[in-house]
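Structure assessment
What follows is each chain in one-letter form.
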Amino acid sequence: MAHGTSKGPVVSVLMAAHDAEGSVRRAVESVQNQTLREIELVFVDAGSRDATARVVETMAERDLRIEVVRADDCTRQEALDAALERARGRYVTVLDADACARPTMLAELVGRAEERSLELVVGGLELCLVDPGGRATEVELAAEGVVFPTQHDFRTAAWHLFSTGQLLPVTGKLFSLELTRQHALGFARGGASDHLFTIDYLRDVERVGVSGAVCCRVDRQIAPALRRMGTPEGYRLLGQEHAALLALYRQWGLEGDAVSMEMLQSRYVERLVACVEGVCGGVLPSAEQRAAVEAMIGTDSARLAASVARPASSAARSMLGPIRSKNVTIACAQARLLSLLGRGPAIWAMPDAFV
């Protein structure tokens, strides 16, 4: 028997997937099993070559709340934009094909939003990040439940949510569809990262709440992200996100706030060190490694970050000196040592780089 609703959806769940037949059924079922029934799932298949689309199409035949769109030869961000265009709910949220929503996730997020007329509700995430060697790191991105009564209260406290990795991922959040369309926001604005959508949304948001509950779990293989960090594209994306965050804090009038700036520069250093380790642990000839590292640590942005940052990981702290002095030889040697010791990119110190 087909399940549906005579009312319009309260929440539109956006899902983009590519070659995810091993996990997509669980993700879709977690949406179907929500205690809040007035929902829709807009699923966009981004050119899968496996049975991903067929699995979801079969499920959609028995659930009128699921819409399946096949979009060949598109990026994840373009697929999410296609889903966003079709959304009809008052709110939107994003769930990935390797994620699983708790049954009460949407009811809790919507309840909090409706109670205080919130424009953004931030839920907690449970991450299982599996490295290339098969080792799993469990990380929980969650904070105590709170409602920020004013825009100023949220902005001055945002540094903590950024530092824990909870604020940037689009997963586990409830966005206002009206606000999204009012500001013409989208996912595909020049980078292969969802974080820029969140940053754009945060620019003018006024009423924000944080749910103290973990609302979904993500089981993610991090090898693709680690490989990308050691490429020019990965370094470009790092610079793009860092510039966007600095611009956000300038707009907020908080570029002189010491705590916020320390957080932003520490984030940058952690990811910069991951990029350097990725280059030095890769297959490039030594001369090309040196040239790439010199370009990464030779910028004013890198030196400023190294002078202000207090990174959480010992790996990043060990690289502060070489970055400050622009010593490419020592930076490369230290990065190779970190890679050899298995103490390279500290997943626990920068979990939102993978979600």
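Before any of the text, the structure's been laid out above.
In what follows, the accompanying structure is described. The model shown is predicted, which means the values in this text are computed figures rather than measured ones.

Bringing the nonpolar core into the picture now. In this structure, Val11, Val24 and Val293 are the most contacted members of the largest nonpolar core, which totals 76 residues. Filtering out sequence-adjacent residues up to four positions away, Val11 remains in contact with Leu36, Glu38, Ile39, Glu40, Gly89, Tyr91, Thr93, Leu106, Val110 and Leu174.

A word on the pattern of salt bridges. Inspection of the entire model under this criterion finds 23 salt bridges. Arg26 is paired through a salt bridge with Asp219; the nearest N and O atoms lie 3.0 Å apart. On the criterion of sequence distance, the pair formed by Arg26 in helix 1 (residues 24-32) and Asp219 in strand 10 (residues 208-221) is long-range, its members being 193 residues apart. Judged by relative accessible area, which is 37%, Arg26 ranks as partly exposed. Since its relative accessible area comes to 27%, Asp219 is described here as partly exposed. Here Asp352 makes a salt bridge to Arg271, at a shortest N to O gap of 2.3 Å. With Asp352 in the segment after helix 15 (328-341) and Arg271 in helix 10 (residues 258-280), this pair connects stretches of sequence that are 81 residues apart.

Taken as a whole and judged by the stated rule, the model has eight aromatic pairs. Seen in terms of ring centroids, Phe187 and Phe197 are 4.1 Å apart; in terms of plane orientation they differ by 10°. Their pairing is stacked. With Phe187 in the loop between helix 6 (177-182) and helix 7 (195-202) and Phe197 in helix 7, the pair connects residues that are ten residues apart, well separated along the chain. Feature note: the residues Phe148, Phe154, Phe162, Tyr249 and Trp252 constitute an aromatic cluster, connected by ring pairs.

Rules and cut-offs
Here, residues in each chain are numbered from 1, in the same order as that chain's written sequence. For a predicted model such as this one, the threshold for reporting local features is a pLDDT of at least 70, and the threshold for listing and counting side-chain atom pairs is 80 or more; totals across whole chains, interfaces and linings nevertheless cover every residue. Only hydrogens and water are set aside when side-chain values are computed; all heavy atoms of the structure are taken into account. In plain words, nonpolar cores are sets of buried Ala, Val, Leu, Ile, Met, Phe, Trp, Tyr and Cys residues tied together by side-chain atoms within 4.5 Å. Only protein chains enter the area calculation, which uses a 1.4 Å probe; residues under 20% of their type maximum are buried, those over 50% are exposed, and those in between are partly exposed. Whether two residues touch is decided by their heavy atoms; if any such pair falls within 4.5 Å, the residues are in contact. Salt-bridge detection follows one rule: a side-chain nitrogen of Lys or Arg within 4 Å of a carboxyl oxygen of Asp or Glu. Comment: elements are numbered from the N terminus, with helices defined as DSSP H or I runs of at least four residues and strands as E runs of at least two. In this scheme Phe, Tyr and Trp rings, the latter by its six-membered ring, pair at centre separations within 6.5 Å, and the angle between planes marks the pair as stacked below 30 degrees, edge-to-face above 60, and tilted otherwise.

Remember, this is a structural readout, not a statement about activity or role.
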